[in-house]
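An overview of the molecular structure
As a plain string of letters, each chain reads:
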Amino acid sequence: MSFVKARIAQMEDILVAREETLDETPAVKKILDDLDLMTRFQMFKADQAYLLNLWELTIEYAEGTITLLDSLLNENTQREIGILQVITFVGVLTGFFGMNIAFPWQRTDWSNAFRASIFVVCLIVVVSLLARYFLKRSVYGKKIMMK
């Protein structure tokens, strides 16, 4: 974009150089006046200024679009970090309770550990459902606000 802007600005330098060479040769200037070609320099100057302003507006629009896309990317990244934090919490909770359940190796011990194991499994399921609800309400439910 800067390259095109520089080329458009260079057009003005070319027009100024051509006008200065015409000022030094009045005979050529008279011929151009008779053919009504001198007014084209002013039109070219106006066209060049218009193109330069239009290109600057295009650059501002592109920079604004890049800023918007960057902010959307940052917001999406923050959402993903939040999701990973909740998933990590549920994993740690599951690991903590899972490691603390004694596995009965004898058939006679199952009757003692069965209720505690079912309780821990139900607790993990409830915590996971609460985490899912929390994710749905806090992270997935957010809408991206464009200003």
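Residues numbered from 1 in each chain as written. Predicted model: local features only at pLDDT ≥ 70, side-chain atom pairs only at ≥ 80, totals over all residues. Heavy atoms only, no water.

1. Some remarks on the nonpolar core
Ranked by size, the top nonpolar core spans five residues in total: Ile83, Val86, Val90, Ala131 and Leu135. Among the elements of the structure, helix 3 (39-99) and helix 4 (110-140) are those that each provide at least two residues to this core. With three residues, helix 3 is the single largest residue contributor to this core. (Core = buried A, V, L, I, M, F, W, Y, C linked by side-chain atoms within 4.5 Å. Buried < 20%, exposed > 50% of the residue type's maximum accessible area, 1.4 Å probe, protein only. Helix = DSSP H or I, 4+ residues; strand = E, 2+ residues; numbered from the N terminus.)

2. Some points on the pattern of salt bridges
Here the structure, examined in full by the defined rule, presents three salt bridges. The salt bridge involving Lys5 is made with Glu56; its shortest N-O contact spans 3.8 Å. Of this pair, Lys5 sits in helix 1 (residues 2-24) while Glu56 sits in helix 3, and the two are 51 residues apart along the sequence. Between Glu75 and Arg79 there is a salt bridge whose closest N-O contact spans 3.8 Å. Taken together, the residues span about one helical turn, with Glu75 and Arg79 both in helix 3 at a distance of four residues. (Salt bridge = Lys/Arg side-chain N within 4 Å of Asp/Glu carboxyl O.)

3. Here we look at the environment of Val125
Structurally, the position occupied by Val125 is in helix 4. Owing to a relative accessible area of 44%, Val125 belongs among the partly exposed residues under this scheme. As a C-alpha pair, Val125 and Val90 span 35 residues in sequence and 9.9 Å in three-dimensional space.

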